[in-house]
Amino acid sequence: MTEPSKLPHHGVPEHQPAAGGIAARARAAAGPQYLNGLNPEQREAVETLDGPVLVLAGAGTGKTRVLTTRIAHILSQGRARPHEILSVTFTNKAAREMKLRLGQMLGQAVEGMPWLGTFHSIGGRILRIHAELVQLKSNFTVLDVDDQVRLLKQLLQAENIDDKRWPARMLAGLIDGWKNRGLTPAQVPSGEAAIFGNGKGGKLYASYQERLKILNAADFGDLLLENIRLFRENPDVLRQYQNRFKFILVDEYQDTNVAQYLWLRLLSQAPSRPGVPLSAIIPGDLTSPRLRGDVDARSASGEGDPPQTEIAETTPHPDPLPVKDAEREKAAPIPKNICCVGDDDQSIYGWRGAEVDNILRFEHDFPGAKVIRLERNYRSTGHILAAASHLIAHNEGRLGKTLRTEDVDGEKVTVTGSWDSEEEARAIGEEIEELQRSGENLNEVAILVRASFQMREFEDRFVTLGLPYRVIGGPRFYERAEIRDALAYLRVINSPADDLAFERIVNVPKRGLGDATVQMLHDHARKRRMPLFEAARAVVETDELKPKARGALRDLLLQFDRWRAQREVTAHTELAEIVLDESGYTEMWQKDRSADAAGRLDNLKELVRSMEEFENLQGFLEHISLVMDRDGDASDEAVSLMTLHSAKGLEFDNVFLPGWEEGLFPSQRTLDEQGRAGLEEERRLAHVGLTRARRRAKLYFATNRRIHGTWSTTIPSRFLDELPSANVEITESKGGSGWGGAGGYGPSRFDNVESFGSSYTTPGWQRAQANRNRSQGGRSGQARGGFEESQSSFSGGFSRNKRGPLVIEGELVAKSTGTVSEFSLDDRVFHQKFGYGNVVKIDGNKLTIAFEKAGEKKVVDSFVERV
DNA sequence: CACTGACTCGTTTTT
DNA sequence: CGAGTCAGTG
């Protein structure tokens, strides 16, 4: 997470800027000056240099500050030189932030930290140095998802697998998951490998890896996994790095996946002393036959296992993830100076392979670890912090922290209900305009949504209001089609064997080289075991192609020859311009009449501009896929619109949190798939959302929301119920009366004992209540909350639904899905909004109803009653 | 080979 | 509802 460089607004003395060169006034009597601004816990985290340290840094407690100061401390104490410190983050943004702050703190004293970067960029860097040891060349290409899928599609075809039933994307996801868990093709549990393509999943993974080597390419997962393999198979190389890195720092430890964990484990061991067999530290024999097959991802790591330990005895586990304490303890490393910073309450990437377990078990993994808690929050006012803390306290699997602030209570968190999502957007728009009138900077206003489809409504509204906004997070810069196309041209110039790149642009812009031609090139290439480009050269000489295609292909090849020749005498930025021009690519977009064509041309210019930072084409291509970041406009004043996920690490004075409804937030899908763990992750997401706010946090829920084009009634999120009423204020929607008079729906039961009774009496509450009963009144498809008819059940936990959704410890975690509709064709029904009608079509729980007045509509079945 | 109409399927996202 | 994919046609 990156704390903004901006200081907290409440003038906490601890957060004076560490102005002036630290290096200059090295050590004052009370210690170095850079320590002065720290509170005691932060200071301890900075100064405890020896042995493993876990810093549990709650939201807004100065985590990045601790990390950077710690590095400064190590350096100024002379404990290590810059290149002896390994410091890993997850995102480029975080890495950049740290470099920036470090630079400010140290002045020019220290030039660059070569080993400060993301897991992937550092893994990639190490891999390039030793590429040949993992069957690659040092200029290997890093594939993007698109290339990956294309490659897999080819493999599926070769295996004669129906890619309708077994989509390449799904396989890409599986392989990604395996790599996240540190599993090589041989290590994937056979049962799991079998679930794809009638048992061919494992085989496909293996042949995918083979193909990657042939293409001299690695995917993102490989940057770590191949790195791990490198270390395991080459103990001397590993030892070299263990020797080099005197200190290891890890940011966002709660987000690490198994592969990252294993990688850190390998590096964090002290190098073996003479006399200690290497096998004591590195398993190294993962390739031995007895280890093939179902090997537990973690026990397979086996780092630190004494040689006599029979790894083969490891019980294959049906689920390779759970790790027994005993195994982990057995694998106790020789402690090293590793410092991990994280917050278990902000772990929101479990679905992507992050293992909260890594942080929860730090003390097991690194015996003798010192755990330091940072609980002083310098960001949010009292009510906001209390609400967030109370909410997250509902989670069970936590290390436990209590955030506190010395700030004023400030404004209460507000909860506002509205009739539908449109009214919600209107209400928020008005509130933002009000804030603007009262002098708030729009840069200090953010809307955080659970899912990106929610954004549209706000965009529409803001456009009509003329309110400037920016969407944070969309597709990454280098993921855009035009950027990838341009890169593909450059890749083919740089490396003629890059089949994936060649295939991407053979017919972009259109040159009459369609599927048939490409297919034939493929055949040719496979037969002669040569890259596509070479195959094309050969084919052009024959008359296998129709004259038109043949001519076009020949022209293309000649162009590439020319560009390659020019490469020697032309600056790489200039070359890029020439290529885009001569290939007709620029022209293609200039002719395009669609709305975003202009933006794409801008992006291409931006790409060429960004090339200037690199020495040459080769250097640029090596870094592009790992380091390129979008960003761009941060200058103009605008409201920020983003998902909760991409808000992590940011903070704003005013935070709007719409869509707090069951099914949307917490997300029904997460609940269905992950059960209780999913619920807890959603709750952490809610916690992240609330803790982004400095002064104002505003929650919203709508009673009706259009999902997939059909209207559904929704009920307020259980997270609203979990807020402490003392810190929350229920407000009426200001969005006007979209429906039956004043909007405004009180939230449901607050789980604070004191005075929740009052919320029952508001008209809004009663209306929301009525909706609940109605939606529960029969059809299981939509009976979410499972409330009983009477309100009395609210005082207890969630009451149970008799129809049997997933209930754990009295808490409804997920409703069952896919239930059959209780309606039949031609049923006469009544709908609150549309009146009477007849069912004309049934699709699961979605009904198409011909209403007498409103015409034909699609509605979710719980929305209507049979009459 | 390119274009168009039918069809499906709907989180979160980094690198 | 609407973006993206796919098969069939000009």
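Residues numbered from 1 in each chain as written. Chains lettered and ligands numbered in written order. Predicted model: local features only at pLDDT ≥ 70, side-chain atom pairs only at ≥ 80, totals over all residues. Heavy atoms only, no water.

Here the focus is the nonpolar core. F502, L553, F560, W563, L607, L617 and F620 are the most contacted members of the largest nonpolar core, which has 51 residues in total. Here this core gets eight residues from one element, more than from any other, and that element is helix α19 (residues 481-494). Within the second largest apolar cluster, 43 residues are counted, among which are L136, F140, L223 and A259. (Core = buried A, V, L, I, M, F, W, Y, C linked by side-chain atoms within 4.5 Å. Buried < 20%, exposed > 50% of the residue type's maximum accessible area, 1.4 Å probe, protein only. Helix = DSSP H or I, 4+ residues; strand = E, 2+ residues; numbered from the N terminus.)

Counted residue by residue, helix α16 (residues 382-392) has eight buried out of 11 residues, so it is predominantly covered. Buried within α16 are the following residues: G382, H383, I384, L385, A387, A388, L391 and I392. Residues of α16 that are buried make contact with β9 (413-420), α29 (668-690), β14 (693-707) and α30 (718-721). (Contact = heavy atoms within 4.5 Å.)

Around DNA strand B, the structure places 32 residues, and the nearest of them are R450, S452, R476, G514 and T670. Counting only the atoms of DNA strand B that lie within 4 Å of the protein, the sugar and phosphate share comes to 50%. At 2.8 Å, a side-chain N or O of T670 approaches a base oxygen of DNA strand B. Those elements that place two or more of their residues in the surface near DNA strand B are α21 (515-528), α28 (644-647) and α29. A breakdown of the residues in the surface near DNA strand B according to their chemical character gives nine nonpolar, 15 polar and eight charged. (Near = heavy atom within 4 Å. Polar contact = N/O pair within 3.5 Å; in protein donor to acceptor, adjacent residues only side chain to side chain. Nonpolar A, V, L, I, M, F, W, Y, C, P; charged D, E, K, R; others polar.)

Quick look at the pattern of salt bridges now. Summed over the entire model, instances satisfying the criterion amount to 58 salt bridges. The partner of K370 in a salt bridge is E44, with the nearest N and O atoms 3.0 Å apart. Taken together, the positions of K370 in strand β8 (residues 370-374) and E44 in helix α1 (residues 40-47) put the pair 326 residues apart, joining distant regions of the chain. Assessed through its relative accessible area of 31%, E44 is described here as partly exposed. We note a salt bridge from K63 to E252, for which the minimum N-O separation is 3.3 Å. Highlighted residues: K63 in helix α2 (residues 63-76) and E252 in the loop between β6 (247-250) and α11 (258-268), separated in sequence by 189 residues. Residues K63 and E252 agree in their burial class; the two are buried. Salt bridges sharing common partners tie together R379, E411, E440, E444, E651, D653, R694, R695 and R696. (Salt bridge = Lys/Arg side-chain N within 4 Å of Asp/Glu carboxyl O.)

Spatially, β3-β2-β6-β7-β1-β8 is the arrangement adopted by the six strands of the open sheet, whose pairing is parallel. With partners counted over all chains shown, the strands left at the sheet margins are β3 (116-118) and β8, one partner each. Neighbour to neighbour, the strand axes of the sheet diverge by 15° on average, direction disregarded. Pairing geometry for β6 and strand β7 (residues 338-342), over three bridges, is parallel. Residue pairing across strands places V250 opposite C340, the latter belonging to β7. Of the strands in this sheet, β2 (85-89), β3 and β6 touch helix α4 (residues 119-129), which is tilted by about 105° from β3. (Pairing = 2+ DSSP bridges. Axes fitted to C-alpha atoms, helices over the stretch in contact; angles between N-to-C directions.)

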